[in-house]
Amino acid sequence: MESSYAQRRKKSDERLAQEHRRKLLRVYGDMQPPKYRKKVAYVPPSEGGKWDGLMALKNVKEEDVLDVLLESVGPNGAYSLCRVWQDAQVVVGWYPVRYLKDIDE
């Protein structure tokens with residue numbers, strides 16, 4: 001069972017990530033033109049902590065087209081800041097560069 005400190009820390013981290021996402025959405029919402037567009041080549045599993053980060057762009061499927069807004073973000077610059085429409089809402093988050101491919105591939 002998680003300690004109360006760990007639970008408070010997790011909630012605090014989630015709140016900070018939510019606020020960061022809101023700021024990113026204000027800056028990179030549907031008005032900002034993308035640098036380019038890429039297709040999702042692979043969706044990493046979210047079970048076991050493989051793809052469950054607070055800034056992760058989730059609920060995408062293979063062959064979804066993402067707007068790439070910024071390159072080389074996150075740990076080791078291994079992610080792109082991407083935007084996608086999900087359920088009539090704009091969602092912004094990080095997606096691993098290595099799991100993106102050109103649209104014409």
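The notes below deal with the structure included here. (Residues numbered from 1 in each chain as written. Predicted model: local features only at pLDDT ≥ 70, side-chain atom pairs only at ≥ 80, totals over all residues. Heavy atoms only, no water.)

Okay, the sheet that holds strand S4 (residues 89-96) next. Sheet architecture is open: five strands sit in the order S4-S3-S2-S1-S5, paired in antiparallel fashion. Either end of the sheet is taken by a strand with one partner, and the two such strands are S4 and strand S5 (100-101). Relative to S5, strand S1 (residues 36-40) runs antiparallel, the two being bridged by two bridges. The residue of S5 that forms the bridge with Lys39 is Lys101. (Pairing = 2+ DSSP bridges. Helix = DSSP H or I, 4+ residues; strand = E, 2+ residues; numbered from the N terminus.)

Let us look at unusual backbone geometry. Peptide bonds are trans in most cases, and residues, glycine excluded, mostly fall at negative phi. Non-glycine residue Glu63 carries a positive phi angle of around 80 degrees. Tracing the sequence through the fold places Glu63 in the loop between S1 and strand S2 (65-73). For Glu63, a relative accessible area of 40% corresponds to the partly exposed category. A positive phi angle, near 50 degrees, is found at Asp87, a position not held by glycine. Examined against the element boundaries, Asp87 turns out to sit in the loop between strand S3 (79-86) and S4. (Buried < 20%, exposed > 50% of the residue type's maximum accessible area, 1.4 Å probe, protein only.)

Attention shifts here to the pattern of salt bridges. What the rule picks out here adds up to eight salt bridges. Between Glu63 and Lys39 there is a salt bridge, with its nearest N and O atoms 3.2 Å apart. Within this pair, whereas Glu63 is found in the loop between S1 and S2, its partner Lys39 is found in strand S1, the two being separated by 24 residues in sequence. Overall, Lys39 belongs to the buried group, its relative accessible area being 17%. With a shortest N-O distance of 3.2 Å, Arg83 and Asp67 are connected by a salt bridge. (Salt bridge = Lys/Arg side-chain N within 4 Å of Asp/Glu carboxyl O.)

Counting buried positions over the eight residues of S4 gives six, a clear majority of the element. As defined by bridge partners, S3 adjoins S4 across eight bridges and the pair is classed as antiparallel. The residue bridging Leu81 from the neighbouring strand is Trp94, located in S4. Hairpin connection, S3 to S4: the antiparallel pair is bridged by two residues, and Asp87 has positive phi, about 50 degrees.

Okay, the nonpolar core next. One finds Val40, Leu57, Val60, Leu66, Val68, Cys82, Val84, Val91, Tyr95, Tyr99 and Leu100 forming the largest nonpolar core, which totals eleven residues. For this core, the secondary structure elements donating two or more residues are S2, S3 and S4. With eight residues, the next largest nonpolar core counts Ala17, Leu69, Val73 and Val90 among its residues. (Core = buried A, V, L, I, M, F, W, Y, C linked by side-chain atoms within 4.5 Å.)

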